[in-house]
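Summary of structural features
Chain by chain, the residues run as shown.
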Number of protein chains: 2
Amino acid sequence: MAAEESVVVSNDFALNNNKENGVVSASSNDPNAISSVIPGWFSEISPMWPGEAHSLKVEKILFQGKSEYQNVTVFQSSTYGKVLVLDGVIQLTERDECAYQEMITHLPLCSIPNPKKVLVIGGGDGGVLREVARHSSVEKIDICEIDKMVIDVSKQFFPDVAVGYEDKRVTLHVGDGVAFLKAVPEGTYDAVIVDSSDPIGPAKELFEKPFFESVARALRPGGVVCTQAESIWLHMHIIEDIVENCRQIFKGSVNYAWTTVPTYPSGMIGFMLCSTEGPVVDFKHPVNPIDENDSQHSASPLKFYNSELHTAAFSLPSFAKKAIGSKTN
Amino acid sequence: MAAEESVVVSNDFALNNNKENGVVSASSNDPNAISSVIPGWFSEISPMWPGEAHSLKVEKILFQGKSEYQNVTVFQSSTYGKVLVLDGVIQLTERDECAYQEMITHLPLCSIPNPKKVLVIGGGDGGVLREVARHSSVEKIDICEIDKMVIDVSKQFFPDVAVGYEDKRVTLHVGDGVAFLKAVPEGTYDAVIVDSSDPIGPAKELFEKPFFESVARALRPGGVVCTQAESIWLHMHIIEDIVENCRQIFKGSVNYAWTTVPTYPSGMIGFMLCSTEGPVVDFKHPVNPIDENDSQHSASPLKFYNSELHTAAFSLPSFAKKAIGSKTN
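The name an unreviewed UniProt entry assigns to chain A is spermidine synthase, from the organism Lupinus angustifolius. The heading Sequence similarities (unreviewed entry) in the UniProt record of chain A holds the text "Belongs to the spermidine/spermine synthase family."

This is the structure we're talking about:
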């Protein structure tokens with residue numbers, strides 16, 4: 001039998017094609033993408049990672065909605081706990097969210113002494129807030145999330161993640177992060193964490209140069225930014241562009257780190273870590289270690305992050321080093 | 001619509017269920033596992049990682065066969081190059097094989113000075129041989145692979161991987177690795193690399209204590225072994241057992257390292273690295289660095305491995321450190 005004969009399109013679309021109920025996959029952004037699933041499973045098919053898909057078995061769909069910005073889905077998976085999906089792309093699962101939330105937060109905050117004012121752009125699920133709150137030096141945590149539905153859904157279905165909102169230092173701003181940053185007085189923050197979705201959809205601007213300029217302006221001298229920055233296996237060209245933009249804007253240091261996250265495409269995700277001109281920030285050697293037993297503001301200990309892993313996260317495979325090594329610290 | 005209503009079983013099994021043509025998924029080992037696919041895609045469904053599946057889009061099936069030991073499939077994927085599948089589980093893709101082959105080989109060989117005699121158990125595709133051959137100190141490379149079909153298929157479809165067989169220092173033994181090791185004179189090898197499939201199927205014995213005892217006996221004092229050792233996200237209990245066994249048998253050091261491999265379940269794979277009593281081996285600090293421009297015996301430069309990544313590979317997330325940290329170096 002030739003393979004071609006078996007390439008058929010199923011009519012058993014279980015989730016992705018059920019547009020009436022507000023559930024569409026990321027492939028709906030691309031009319032040419034194949035939109036099919038393993039029946040009873042959620043399949044993550046996107047033009048951002050053509051030719052591959054990760055699927056999770058669905059026990060029960062808990063929520064389906066369409067906000068002003070995107071499609072929001074929550075389902076109970078059979079082995080990864082509850083799962084939050086935006087526009088067909090997995091944002092977090094209860095089983096592995098620790099890796100992303102802890103790394104995107106502590107990589108920047110453990111790299112500077114006594115962070116006091118922190119801004120989170122995106123991160124509507126509250127997980128980054130939960131992690132920022134572990135730092136007792138922090139006095140003020142602003143969060144600017146564009147999509148209220150993400151916040152509400154997280155509070156309802158992911159209480160262990162959205163617990164971050166309960167910290168008294170948190171101020172929630174529902175709105176556009178780009179506009180919010182423009183209105184921020186210069187030099188306000190010690191750290192900005194950009195917890196965005198992919199550069200297709202509402203987060204597009206968060207990967208562009210004007211946004212990085214606003215971030216740099218909002219940071220104090222020697223302040224730090226950490227942004228979600230895709231996978232070296234899938235998006236090396238996007239990463240090269242981001243590095244190039246950051247190199248022009250952040251006059252302190254520019255670094256790339258990565259971590260394992262099983263339910264993200266290619267099983268990993270990267271971060272851009274940059275600092276503004278001022279006191280030198282050596283991201284690879286954390287000066288503000290966080291002790292897993294010293295989390296006054298959090299009920300649960302760290303599951304993933306530690307100082308050794310912090311340093312290791314900046315070691316890149318040779319192919320990635322070749323592409324961006326000369327432009328990072 | 002309740003999710004349950006959409007859980008249907010497709011009859012469009014494109015690849016996995018086509019047993020007549022010798023193509024079955026790993027799920028065929030478990031009659032209760034769901035055996036379904038995205039039509040036109042290869043889906044990796046296994047009781048080893050229930051509730052999740054990684055799928056690759058198939059351009060063309062290039063080979064389907066059933067050897068004495070397992071089902072062997074090769075297909076052209078649309079974005080990962082050619083793919084080798086054994087019993088429904090992806091063994092390598094042309095796009096990311098560099099990560100696994102380079103790490104499983106250079107982690108042990110760069111940790112000891114002047115490795116001369118190396119044994120590879122499994123690794124029938126030849127990729128580990130290709131990597132061992134980069135080391136100019138090596139005089140003899142034995143490989144013991146149980147399944148001749150894997151060797152033949154690799155030579156036919158993966159010439160850039162099977163190129164390892166062309167090195168004059170290589171001696172191929174087709175047979176059972178366990179029996180081969182028992183017949184090896186004590187203290188023969190500087191390094192043994194166990195490039196096995198998962199502990200379900202023909203590789204089962206390669207994860208058990210008697211096998212590790214044979215490996216230790218075949219190594220010189222201060223010799224090293226590196227074995228494929230699953231994912232900390234999926235198989236922490238298997239890893240704990242392996243660590244426990246190794247702790248009892250290898251009186252030098254016992255270490256766990258990991259690397260990113262997008263097409264392996266959870267996007268990563270780990271390695272056990274142990275040494276026998278004798279000259280101390282500090283795996284975390286390579287003493288025998290390999291220069292990517294100094295590969296006399298290989299046409300292509302290293303794509304993935306470098307000394308910095310070597311050290312970083314031993315840094316574990318806190319949940320894994322908690323489980324095995326006290327039993328590893």
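**A few points about the overall build of chain A**
Check the secondary structure of chain A and you find 10 helices and 12 strands. Counting the 329 residues in chain A, one finds 64% classified as buried. If you take every contact in chain A between residues at least 6 apart in sequence, the share linking residues at least 24 apart comes to 67%. Summing over all exposed atoms, chain A offers an accessible surface of approximately 11,900 Å²; the carbon and sulfur share of this is 50%.

**Remarks on unusual backbone geometry**
For S266 of chain A, which is not glycine, the phi torsion reads 70° and is therefore positive. The topology assignment puts S266 of chain A in the loop between β11 (254-260) and β12 (268-275). For N114 of chain B, which is not a glycine, the phi torsion comes out positive at approximately 50°. Inspection of the secondary structure puts N114 of chain B in the loop between α2 (97-109) and β6 (117-122).

**Side note on the UniProt feature "domain: PABS" (unreviewed entry) in chain A**
UniProt's feature table lists "domain: PABS" (unreviewed entry) at residues 39-276 of chain A, given in the numbering used throughout. Along residues 39-276 of chain A one finds 27% helix and 36% strand; the C-alpha atoms at either end are 49 Å apart.

**Section: the sheet that holds strand β7 (residues 140-145) of chain B**
Residue and element names in this part refer to chain B. With mixed pairing, the 7 strands of this open sheet are ordered in space as β8-β7-β6-β9-β10-β12-β11. Each end of this open sheet is capped by a strand with a single partner; those strands are β8 (170-174) and β11 (254-260). Averaged over all pairs of adjacent strands, the angle between their axes in this sheet comes to 15°, without regard to strand direction. Both strand β10 (residues 219-228) and strand β12 (residues 268-275) contribute to a ladder of 5 bridges, which runs antiparallel. Residue pairing for β12: V224 is matched across the bridge by S275.

**Quick notes on the UniProt feature "active site" (unreviewed entry) in chain A**
Residue and element names in this part refer to chain A. Under the feature "active site" (unreviewed entry), the UniProt entry names D195. Of note, D195 is situated in strand β9 (residues 189-195). Given a relative accessible area of 9%, D195 falls into the buried group. When neighbours within four sequence positions are excluded, D195 is seen to be in contact with Y100, Q101, I104, I121, G122, G123, D125 and V128. Polar contacts involving the side chain of D195 include one to the side chain of Y100, which spans 2.6 Å.

**Details of the packing of helix α7 (residues 209-218) of chain A against helix α8 (residues 236-249) of chain A**
Two measures define how a pair of helices packs: the angle their axes make with one another and the distance between the axes. All names here are of chain A. As a packed pair, α7 and α8 sit with axes 10 Å apart at the nearest point and diverge in direction by 40°. Relative to α8, α7 is oriented oblique. As for the relative orientation of α7 and α8, their crossing is right-handed in sense. On the side of α7, the interface is formed by K209, F212, E213 and A216, while α8 contributes I242, N245, C246, Q248 and I249.

**A word on the pattern of salt bridges**
A full pass over the atoms with the stated rule returns 20 salt bridges over all chains. One salt bridge connects K140 of chain B with D142 of chain B, and the closest N-O pair in it is separated by 3.2 Å. Note on K140 of chain B: relative accessible area 32%, which makes it partly exposed. According to the relative accessible area criterion, D142 of chain B is buried, its value standing at 4%. With a shortest N-O distance of 2.7 Å, K327 of chain B and E244 of chain B are connected by a salt bridge. Linking K327 of chain B in the segment after α10 (318-324) with E244 of chain B in helix α8 (residues 236-249), this pair joins segments that are 83 residues apart in sequence. One network of salt bridges, with partners in common, ties together E97, R130, E131 and R134 of chain A.

**Things to note about the packing of aromatic side chains**
In this structure the tally under the stated criterion is 19 aromatic pairs over all chains. When the centroid spacing of 5.9 Å and the interplanar angle of 35° are considered together, the rings of Y100 of chain A and F271 of chain A count as tilted. Here F271 of chain A lies in strand β12 and Y100 of chain A lies in helix α2 (residues 97-109), a separation of 171 residues in the sequence. Considered together, Y100 of chain A and F271 of chain A belong to a single accessibility category, that of buried residues. With a centroid separation of 5.4 Å and an interplanar angle of 40°, the aromatic rings of F42 of chain B and F75 of chain B are classed as tilted. You can see F42 of chain B sitting in strand β1 (residues 41-44) and its partner F75 of chain B sitting in strand β3 (residues 71-77), a full 33 residues away along the chain. According to the relative accessible area criterion, F42 of chain B is buried, its value standing at 4%. Under the relative-accessibility criterion, F75 of chain B is labelled buried at 1%. Across the ring face of Y80 of chain A, the terminal group of R95 of chain A is positioned such that the distance to the ring centre comes to 4.1 Å. Across from the ring centre of Y165 of chain A, 4.7 Å away, lies the NZ or CZ of K155 of chain A, which sits over that ring.

**Here's the deal with the sheet that holds strand β10 (residues 219-228) of chain A**
Residues and elements named next belong to chain A. Reading across the sheet, the 7 strands line up as β8-β7-β6-β9-β10-β12-β11 and stay open at both edges, with mixed pairing between neighbours. Two strands close off the open sheet at either side, each with one partner strand: β8 (170-174) and β11. When strand polarity is set aside, the average angle formed by the axes of neighbouring strands in this sheet is 15°. Contacts between α2 and the sheet are confined to β6 (117-122), β9, β10, β11 and β12, with β9 contributing the most and set at about 155° to the helix.

**Examining the nonpolar core**
Counting 184 residues, the largest nonpolar core has F250 of chain A together with F250 of chain B as its most contacted members. Ignoring anything within four residues of it in the chain, the contact list for F250 of chain B reads F212, V215, A216, L219, V225, C274, S275 and T276 of chain B.

**Topic: the environment of V261 of chain A**
Residue and element names in this part refer to chain A. Along the chain, V261 falls in the loop between β11 and β12. Sequence separation between V261 and L92 is 169 residues, and the spatial gap between their C-alpha atoms is 9.5 Å. Apart from the residues within four sequence positions on either side, V261 is in contact with D96, A99, Y100, G267, M268 and I269.

**Some points on the domain arrangement of chain A**
Residue and element names in this part refer to chain A. Looking at the assigned domains, one finds that chain A contains domain 1 (41-93) and domain 2 (96-326). Distance from the C-alpha centre of domain 1 to the C-alpha centre of domain 2: 23 Å. On the side of domain 2, 26 residues touch domain 1, which itself brings 26 residues to the contact. For the pair domain 1 and domain 2, the summed buried surface comes to about 2,300 Å²; carbon and sulfur atoms form 71% of the total. Three residues, M48, Y69 and L92, lead the burial of domain 1 against domain 2; their summed loss comes to 29% of the area buried on that side. One can count 0 salt bridges joining domain 1 with domain 2. Inspection of the region where domain 1 meets domain 2 yields 7 residue pairs in polar contact (both at pLDDT 80 or more). Of all the secondary structure elements, the ones that give two or more residues to the side of domain 1 that touches domain 2 are β2 (52-66), β3 (71-77), β4 (82-86) and β5 (89-93).

About the criteria used
Residues numbered from 1 in each chain as written. Chains lettered and ligands numbered in written order. Predicted model: local features only at pLDDT ≥ 70, side-chain atom pairs only at ≥ 80, totals over all residues. Heavy atoms only, no water. UniProt positions renumbered as here; feature names shortened; annotations may be inferred. Helix = DSSP H or I, 4+ residues; strand = E, 2+ residues; numbered from the N terminus. Buried < 20%, exposed > 50% of the residue type's maximum accessible area, 1.4 Å probe, protein only. Contact = heavy atoms within 4.5 Å. Areas by Shrake-Rupley, 256 points an atom, 1.4 Å probe, with all protein chains shown as cover. Pairing = 2+ DSSP bridges. Axes fitted to C-alpha atoms, helices over the stretch in contact; angles between N-to-C directions. Polar contact = N/O pair within 3.5 Å; in protein donor to acceptor, adjacent residues only side chain to side chain. Parallel < 35°, antiparallel > 145°, perpendicular 65-115°, else oblique. Left-handed = near helix turned anticlockwise from the far one by under 90°. Salt bridge = Lys/Arg side-chain N within 4 Å of Asp/Glu carboxyl O. Phe/Tyr/Trp six-rings, centres within 6.5 Å; stacked < 30°, edge-to-face > 60°. Lys NZ or Arg CZ within 6 Å of the ring centre and 35° of its normal. Core = buried A, V, L, I, M, F, W, Y, C linked by side-chain atoms within 4.5 Å. Domains from an automatic or database assignment. Buried area = accessible area lost by both parts, 1.4 Å probe.

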